[in-house]
Amino acid sequence: MSSTPAQSAVEAFDAVDLIKAKRDGRSLSTPEIDWLISRYANGYVGDEQMAAMAMAIFLNGMERTEIRDMTLAMIASGERMNFDGLGKVTVDKHSTGGVGDKITLPLMPLVASFGVAVPQLSGRGLGHTGGTLDKLEAIPGWRAELSNEEMFTLLQEIGGVICAAGAGLAPADKKLYALRDITGTVECIPLIASSIMSKKIAEGTDSLVLDVKFGSGSFMGDIERSRALAETMVALGEDAGVRTSALLTNMNVPLGLAIGNANEVRESVEVLAGGGPADVVELTVELAREMLRLAGKPDADVEGALKNGAAMDVWRRWVSAQDGDPDGALPVAREMHEVRADRDGVLVRQEALPFGIAAWRLGAGRARKQDPVIHAAGIDLVAKPGDTVKKGDVLFTLSAEDAARFPRALDALEGAYEIGDAGSEILTGGPLIAGRVGAE
């Protein structure tokens, strides 16, 4: 009778020894990391042990070679995709996550409208940040799970796809990704870099643009930590033969006016229709330009494709191809609560992180990995920093299925925004796009 992992008499390493080693600050060798990740993928190493290891990595970090080894081990835990037979250049984008970050939704059809293929494998919500798949599942009928064959067909026929990574693609990362969300180990450069890049390298894209956030609503906080993460991921991509660059983008203030799931889909459609908030349009356009530059189309008229309906046409065809109804009604919450200005003045501050936490408490995110999200829950901003307001004006509206969720959401927002006098400094933490790393 063949031996199962649980029945193996002799293992090369022991999980407890490796946890203690990392807890005490020792670097793990390539064979140790290979063993740990392969055994976690097949169930020999349990979630409780990997949770302890994730916390040890969070507290003590990893050297550059360890991050590379962990990335390669997670790739090796599953299959690798290959788009060589597609007949198109492939380019993808990944964001490290933020508050109101719905950019993938308008970006994929925009870039695909120029004849390049965009295989956008996306995830679900992590911590206070929203998940692309959670947002899109607000569309009636839309389906996140696709076979590799379906994905290939959509890339050939439509030019783009947004879907869940298949179970065979970096399965060790899929397990660890869900575990990090519920163990307080999200904000960690080695875990973020290896997670993102294992999926993206295994995905088989030719080029990759990373949107690496900094600021209060990001995982990294200050721009130097974000730059370090960007440099780590760009190096991992280049080492693997994927042309990779990163934009450093500001997440001190929520992106756009919608924070949630269904409401972010609505805002994305506004952008595809040639409208939408200026910051969402700016970031969508700049990321599209960078993706098309890496794909060999540096002169593409990106703004024109938003104005002339080309990107919207791709969106509608693509949503339908994944069984969604592009004209279907999006969920609307049963309960709403308006927050109004208590004085005349100018909105000078609006911190992203508390608004992300508030939306999470309203039901837009998960407290446990098995929890469903409430697609109608979220926050709609009316005013952004720099806007003049009068006493009694609505600043933002909270939406939830149960009014009992409002008090804790409002607690999260205590002190998160400020109205000042005319002429006061507007606190946004700098420009929306602060720099680029890699792919010169």
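The present account deals with the structure reproduced in this document. (Residues numbered from 1 in each chain as written. Predicted model: local features only at pLDDT ≥ 70, side-chain atom pairs only at ≥ 80, totals over all residues. Heavy atoms only, no water.)

Describing the overall build of the protein
The number of helices and strands found in the protein is 16 helices and 13 strands. Taking 2.2 N^0.38 as the reference for a compact globule, 440 residues should give roughly 22 Å; the C-alpha atoms of the protein span a radius of gyration of 22 Å, in line with that estimate. Principal-axis analysis of the C-alpha atoms gives the protein an extent of 75 × 50 × 40 Å. Restricting to contacts in the protein with at least 6 residues of sequence separation, those with at least 24 account for 80%. Put simply, the protein shows about 17,200 Å² of open surface, and 51% of that area lies on carbon and sulfur atoms. Looking at charge distribution, the protein has the averaged site of its 44 positive side-chain charges lying 1 Å from that of its 63 negative ones. (Helix = DSSP H or I, 4+ residues; strand = E, 2+ residues; numbered from the N terminus. Rg over C-alpha atoms; globule rule 2.2 N^0.38 Å. Contact = heavy atoms within 4.5 Å. Areas by Shrake-Rupley, 256 points an atom, 1.4 Å probe, with all protein chains shown as cover. Lys, Arg positive; Asp, Glu negative; His and termini not counted. Charge placed at Lys NZ, Arg CZ, Asp CG, Glu CD.)

Re unusual backbone geometry
Of note in this structure, Ala170 is not a glycine but carries a positive phi near 45 degrees. One can find Ala170 in the loop between β3 (160-164) and α8 (171-181).

Remarks on the packing of aromatic side chains
Following the criterion strictly, the structure yields seven aromatic pairs and no others. Judged by centre distance (5.2 Å) and plane angle (80 degrees), the rings of Phe355 and Phe396 are edge-to-face. Of this pair, Phe355 sits in helix α15 (residues 352-364) while Phe396 sits in strand β11 (residues 394-400), and the two are 41 residues apart along the sequence. In this structure Phe355 comes out as buried when scored by relative accessible area, which is 0%. When the centroid spacing of 5.3 Å and the interplanar angle of 85 degrees are considered together, the rings of Phe396 and Tyr417 count as edge-to-face. With Phe396 in strand β11 and Tyr417 in strand β12 (residues 417-420), this residue pair connects regions lying 21 residues apart in the sequence. Using a relative accessible area of 27% as the deciding quantity, one classes Tyr417 as partly exposed. (Phe/Tyr/Trp six-rings, centres within 6.5 Å; stacked < 30°, edge-to-face > 60°. Buried < 20%, exposed > 50% of the residue type's maximum accessible area, 1.4 Å probe, protein only.)

Points about the pairing of strand β4 (residues 207-214)
For a regular strand, side-chain orientation follows a simple rule: the groups alternate between the two sheet faces. A large share of β4 lies buried, amounting to eight of its eight residues. Burial along β4 is two-sided: the face carrying Ser207, Val209, Asp211 and Lys213 and the face carrying Leu208, Leu210, Val212 and Phe214 are both buried. Here strand β1 (residues 91-95) runs beside β4; their pairing, made up of five bridges, is parallel. Its bridge partner being in β4, Val91 is matched across the sheet by Ser207. In this view, the connection linking β4 to its parallel neighbour strand β5 (residues 243-250) by way of helix α10 (residues 223-239) has right-handed handedness. (Pairing = 2+ DSSP bridges. Right-handed = clockwise from strand over helix to strand, strands pointing away.)

Digging into helix α11 (residues 262-272)
For the α-helix, the turn length of 3.6 residues means that residues three or four positions removed from each other point alike. Burial analysis of α11 places eight of its 11 residues in the buried class, which makes it a mostly covered element. Turning to α11, its buried residues number three or more, namely Ala262, Asn263, Glu264, Val265, Glu267, Ser268, Val271 and Leu272. Gly274 sits one or two positions beyond α11 and adopts a positive phi of about 95 degrees.

Focus on a nonpolar patch on the surface
Judged by side-chain polarity, Met55, Phe58 and Leu59 come together as a nonpolar surface patch covering roughly 260 Å² of accessible area. For Phe58, the location among the structural elements is in helix α3 (residues 47-60). Here Phe58 falls in the partly exposed class, since its relative accessible area comes to 30%. (Patch = residues over 30% accessible without salt bridge, like charges linked within 9 Å, V, L, I, M, F, W, Y side chains within 5 Å. Salt bridge = Lys/Arg side-chain N within 4 Å of Asp/Glu carboxyl O.)

Quick word on the side chain of Ser218
Considering the arrangement of structural elements, one finds Ser218 in the loop between β4 and α10. A distance of 2.8 Å separates the side chain of Ser218 from the backbone oxygen of Gly215, its partner in a polar contact. Side-chain polar atoms of Ser218 contact the backbone nitrogen of Gly221, separated by 3.0 Å. (Polar contact = N/O pair within 3.5 Å; in protein donor to acceptor, adjacent residues only side chain to side chain.)

A few points about the pattern of salt bridges
Applying the stated rule across the entire model yields 27 salt bridges. Note that Asp173 and Lys199 form a salt bridge whose closest N and O atoms lie 2.8 Å from each other. In this pair, Asp173 is assigned in helix α8 and Lys199 in helix α9 (residues 189-203), connecting sequence segments 26 residues apart. Classification of Asp173 by relative accessible area gives buried; the value is 2%. Among the residues examined, Lys199 registers a relative accessible area of 15% and is labelled buried. Between Glu290 and Arg436 there is a salt bridge, with its nearest N and O atoms 3.3 Å apart. Linking Glu290 in helix α12 (residues 278-294) with Arg436 in strand β13 (residues 433-437), this pair joins segments that are 146 residues apart in sequence.

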